[in-house]
Amino acid sequence: MELNSKDVNGEVFLSRLTLEDEKQSEVLAASQVERENRSVGKAERKKIRKVARIKHVVAEQCGVTISDEPTNEWLVVWGLGIAFGTSKEEIMAYLDPQPVEVRLFVDQSYSFLRCDSQLDASKLKEKYHGSNFSERQMLYVGFVQNSEEIPEEDIRQIMSFQSNIPNGLSVFGEFITKEEEDLIIKNLYVDPTLVSNLKKRTVQHFGYEFRYGKNDVDADSPLPNKIPDYLKPFVSKIVYCGALPDEPDQLTVNQYLPGQGIPPHCDTHSCFEGPIVSLSLGSNVVMDFRQANSIASVNLPARSLLVMRGTSRYGCTHGITPRTWDVIPDETYGGITVQARKLRISLTFRKLKRGELACHCRFPSLCDTQNGKIADDNASVLEHDLVHKVYEDIAEHFIETRHRPWPKVKEFVKNLIPGDRLLDIGCANGKYFRINHDILEVGMDMCTGFLMTCRAKGNNVVQANGLFLPFQDSYFESVISIAVLHHISTKERRMRFMSEILRVMVPGGIGLIYVWAKDQSVEQTQSTWSKRQRERNSYNPPDSCVDLVSDYLFLPVHDRDNEFSHNDMLVPWVNHQEKKYAVRHRYYHVFNEGELEELITETQPAPKILEAYYEQGNWVVKFQKLVVS
Ligand SMILES: O=C(O)CCC(=O)C(=O)O
Ligand SMILES: [Fe+2]
């Protein structure tokens, strides 16, 4: 093709082009059609591949076979599932004819639908297969061949909604009106210079800065901006309804976009007075409360007021998992559904603690002033709940399974001098009675079941606590206490236990104490107890049989397949025959090497250690009360 000045004239140009390139444009057109055909073919092929993959995944995951022919009223719909954040309500509202049942599965992109009839199933397939629910959600609809294989919804995902809700937690729904919510959001002036853009959300503080690194405040550095006046009516309402005992002086505003959250944390105990409240605006969200190995998920609707006091305030962490939706119980259709998150703003009101900062809560592991130690004030309640009460409940089973005396204890008792008085603190079913017929034996226990057994055998027993022995000073020539002291929950109380023993012993009297060792395999000789536990490990009681006292979830539960991970633990007592309460938890303070000797020598007047050794998972000390001249 040759171009000259005339070629600027379109007509000339066009005509020449037509003439000269007619053939070429025909070729072009043909290739365009072919390309279109090819792309249709490509899309079709992609669709076929996708359907094949869906069939494969559904068959793999739930054993459900998808067919192209209707066989019953069940359908699988890929594209309508929890993974896309689609709720049951949305699915029901969208599909016509409406299905009668929807089953959703956590993290899955598909759902199963039961239609009113096979005909309705065919209509839905016809209408929606290959259509778009949203830009992201292309629907693939298939008939289910073996509907009996369709799994039930996994409601374990929402079980934490019904159970484990920590004590002291309340959520007041519709605490403010929609208009008030809009007003607060409109008024919330977010000063860009004061906002901290945390990785997962935006935060602004009033009154004092809440330092998320430490979860506390610096009471010596008040902020210039106080809680704004337009919030005063709501603050008054919070105080008036008793959610907070006094006007708060600290406010944290958190703004969460869908997908953002707050890591599990516990607002430091020593910094704030009384409960902590949080007003939710803009969106519902699920907050998780965790206590050791339990988790409770709580839905916080927009406009609700969350009040955290008691266990929920001091004994749990609270946090929001960063995601764009939450799985919650479906109140309309049953089972589970999805709740999408929108922009959420929360106002957390707190009141700074002044003066005495020490915290006396019962949750030492989360308490910054008790640093993991069980407070003396709480110890007797703990021992009542986790030792005395549990022994009452397990006494019968305990008696059946604990007959054999420890050989060295037996020998100790046998060697006592005729006429000696022996006190057995925590005598249980009395296995050290009547080993030596020439001594006077007195047994002591808190458990009625044990005492009755001893009485029935004609033994002298009294009900008493080792921390307050009902005997005069210098009365017994010898005292034994086998596997008892490890149930006493603070060092001060363990020392009190020891000094009580020394008080009732005659000078020169001999004592023998056994406690569980933290290390159950000293000198490579695994204790019979830990061996027995390992042998029994095939027994996994159903959850309903596990009775964990919710106030003590801060104590780690000992896993019988492993060594003790902490000194203060809950040890499960498993009753294989029992259906209800098959597992009870007892508190133990398991001793480190040398700890028992140290405790005994620290007790005044310090006795003389005669022997200290390890025996089958126990630390043992034999000691003598000194004769003071
Ligand atoms: O967003 C919430 O409701 C809670 C915020 C919170 O826990 C905190 O700021 O410490
Ligand atoms: Fe918090």
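Below: a short report on this structure. This structure is a prediction, so every number in the text was calculated from the model and none was measured.

Taken as a whole, this structure holds 17 aromatic pairs when the rule is applied. Aromatic pair Tyr94 and Tyr128: ring centres 5.5 Å apart, planes at 45°, arrangement tilted. Here Tyr94 is found in helix α2 (residues 88-94), whereas its partner Tyr128 is found in helix α3 (residues 118-128), with 34 residues between them in sequence. Across from the ring centre of Tyr613, 4.4 Å away, lies the NZ or CZ of Lys408, which sits over that ring. For Arg421, the ring lying beneath its charged end belongs to Tyr475, and the centroid distance is 4.4 Å.

By nearness alone, 15 residues border ligand 1, and Tyr212, Tyr256, Ser278, Ser346 and Arg350 come closest of all. Side-chain polar atom of Arg344 to an oxygen atom of ligand 1: 2.9 Å apart, as the coordinates give it. One of the side-chain nitrogen or oxygen atoms of Arg350 is found 2.8 Å away from an oxygen atom of ligand 1. Protein chains shield 100% of the accessible area of ligand 1, which is 290 Å² for the free molecule. Taking a 2 Å distance to the grid points as the criterion, the majority of the atoms of ligand 1 fall inside the largest cavity. Listed by contribution, the elements that provide at least two residues to the shell around ligand 1 are β11 (250-256), β12 (262-265), β17 (317-320) and β20 (344-350). If you tally residues by element for the shell around ligand 1, the top one is β20, at four residues. Looking at the shell around ligand 1 residue by residue, the class counts come to six nonpolar, six polar and three charged.

This structure, assessed with the given rule, holds 24 salt bridges. Note that Glu181 is salt-bridged to Arg303, the shortest N-O span being 2.8 Å. Remark: Arg303 occurs in the loop between β15 (294-300) and β16 (305-308) and Glu181 occurs in helix α5 (residues 178-187); sequence separation between them is 122 residues. Considered together, Glu181 and Arg303 belong to a single accessibility category, that of buried residues. Here Arg503 makes a salt bridge to Asp473, at a shortest N to O gap of 2.7 Å. Taken together, the residues span a long stretch of sequence, with Arg503 in helix α11 (residues 491-504) and Asp473 in the loop between β23 (461-463) and β24 (476-482) at a distance of 30 residues. Residues joined in a network through salt bridges with shared partners are Glu174, Lys178, Glu181, Asp182 and Arg303.

Attention shifts here to empty space enclosed by the protein. Using the criterion set out here, one finds four cavities of 30 Å³ or more in the structure. Each pocket or cavity is described by its volume, and for the largest cavity that value is around 110 Å³. Tyr256, Ser278, Met287, His318 and Thr348 are, among the 15 residues lining the largest cavity, the residues nearest its centre. Going through the elements one at a time, β11, β12, β17 and β20 are the ones with two or more residues in the lining of the largest cavity. Sorting elements by how many residues they give to the lining of the largest cavity places β20 first, with four residues. By residue class, the composition of the lining of the largest cavity is six nonpolar, six polar and three charged.

Between α11 and helix α13 (residues 595-602), the shortest axis-to-axis distance is 9 Å and the interhelical angle comes to 65°. Considering the relative orientation of α11 and α13, their crossing is right-handed. Along the contact surface, α11 presents Lys491, Arg494, Met495 and Met498, while α13 presents Glu595, Glu598, Leu599, Ile600 and Glu602. Here the residues of the contact of α11 with α13 are counted per class, giving four nonpolar, no polar and five charged.

Coordination of the iron ion (ligand 2) by the protein is provided by His265 (NE2), Asp267 (OD) and His318 (NE2), with metal-donor distances spanning 2.1 to 2.3 Å. Donor residues for the iron ion (ligand 2), ordered by position in the chain, follow H-x1-D-x50-H. Taken together, the positions of His265 in strand β12 and His318 in strand β17 put the pair 53 residues apart, joining distant regions of the chain. Exposure class is identical for His265 and His318. Each is buried.

Next up on the list: α13. For α13, every residue scored as buried is listed here: Glu595, Leu596, Leu599 and Ile600. Along the long axis of α13, the arc covered by the buried residues comes to 130°, so they all point the same way. Along its buried surface, α13 packs onto α11, β25 (505-516), β28 (583-589), β29 (608-615) and β30 (618-624).

Turning our eyes to something else, we now look at a negative patch on the surface. Together, Asp519, Glu563, Glu593, Glu597 and Glu598 give the surface a local cluster of negative charge. You can see Asp519 is positioned in the loop between β25 and α12 (528-535).

Over the atoms rolls a probe the size of a water molecule, and in doing so it shows where empty space is left. The volume enclosed by the largest pocket comes to roughly 1,100 Å³. Forming the boundary of the largest pocket are 47 residues, of which Phe398, Arg402, Lys431, Ile482 and Ala483 lie nearest the centre. Counting residues per element, the ones that place at least two in the lining of the largest pocket are α8 (376-401), β21 (421-425), β22 (440-445), β25, α12 and β28. Of all the elements, α8 adds the most residues to the lining of the largest pocket, at six residues. Residues of the lining of the largest pocket, tallied by class, amount to 24 nonpolar, 14 polar and nine charged.

Calculation rules
- Every chain's residues receive numbers from 1 upward, in the order its sequence appears when written.
- Note on labels: chains are lettered from A, ligands numbered from 1, in written order.
- In keeping with the model being predicted, local features are shown solely for residues with a pLDDT of at least 70 and side-chain atom pairs are shown and tallied solely at 80 or more, while totals for entire chains, interfaces and linings include all residues.
- Based on all heavy atoms of the structure, the side-chain values leave hydrogens and waters out of the count.
- Two rings belonging to Phe, Tyr or Trp (six-membered ring only in the last case) form a pair when the distance between their centres is within 6.5 Å. Interplanar angles under 30 degrees mark stacking, angles over 60 mark edge-to-face geometry, and anything in between is tilted.
- Only DSSP runs of H or I with at least four residues qualify as helices, and only runs of E with at least two residues qualify as strands; both kinds are numbered from the N terminus onward.
- Distance and angle both matter: a charge sits over a ring if NZ of Lys or CZ of Arg is within 6 Å of the ring centre and within 35 degrees of the ring normal.
- One heavy atom within 4 Å of a molecule or strand makes the whole residue count as near it.
- Here a polar contact is taken to be a pair of N or O atoms separated by no more than 3.5 Å, where protein atoms must pair a possible hydrogen donor with a possible acceptor and residues adjacent in sequence count only if both atoms sit in side chains.
- The Shrake-Rupley method, run with a 1.4 Å probe, gives the accessible areas here. Residue values count only the displayed protein chains as cover.
- The distinction between a cavity and a pocket rests on a 1 Å grid over the protein atoms alone: a 1.4 Å probe fits inside a cavity but cannot get out, while a pocket stays open yet meets protein on both sides within 12 Å along at least five of seven lines, and a residue with an atom within 4 Å of a point counts as lining.
- Any molecule with more than half of its atoms within 2 Å of a cavity's or pocket's grid points is counted as sitting in it.
- In this classification, the charged set is Asp, Glu, Lys and Arg, the nonpolar set is Ala, Val, Leu, Ile, Met, Phe, Trp, Tyr, Cys and Pro, and all remaining amino acids, among them Gly, are polar.
- The rule for a salt bridge is simple: a side-chain nitrogen of Lys or Arg has to be within 4 Å of a carboxyl oxygen of Asp or Glu.
- Classification of residues uses two cut-offs on accessible area relative to the type maximum, computed with a 1.4 Å probe and protein chains only: under 20% is buried, over 50% is exposed, and between them is partly exposed.
- Grid points are joined across faces, edges and corners, and a volume is the space filled by probe spheres set on the points.
- Axis definition: a line fitted to C-alpha atoms, limited for helices to the stretch in contact. Angles are taken between N-to-C directions and run from 0 to 180 degrees.
- For any pair of crossing helices, the crossing counts as left-handed if the nearer helix is rotated counterclockwise from the farther one by less than a right angle, and right-handed if it is rotated clockwise.
- Any pair of residues with heavy atoms lying within 4.5 Å of one another is described as a contacting pair.
- Atoms are scored as donors when they are N, O or S and lie within 2.8 Å of the metal, with 3.2 Å used for Na, K and Ca; no water is included, so coordination may look incomplete.
- The reported arc concerns the directions from the helix axis to the C-beta atoms and nothing else.
- Like charges within 9 Å and nonpolar side chains (Val, Leu, Ile, Met, Phe, Trp, Tyr) within 5 Å are joined into patches, using only residues over 30% in relative accessible area that form no salt bridge.
- Residues counted as positive are Lys and Arg, residues counted as negative are Asp and Glu, and His and the chain ends are not counted.
- Each charge is placed at NZ for Lys, CZ for Arg, CG for Asp and CD for Glu.

This is a description of form; function is not addressed.
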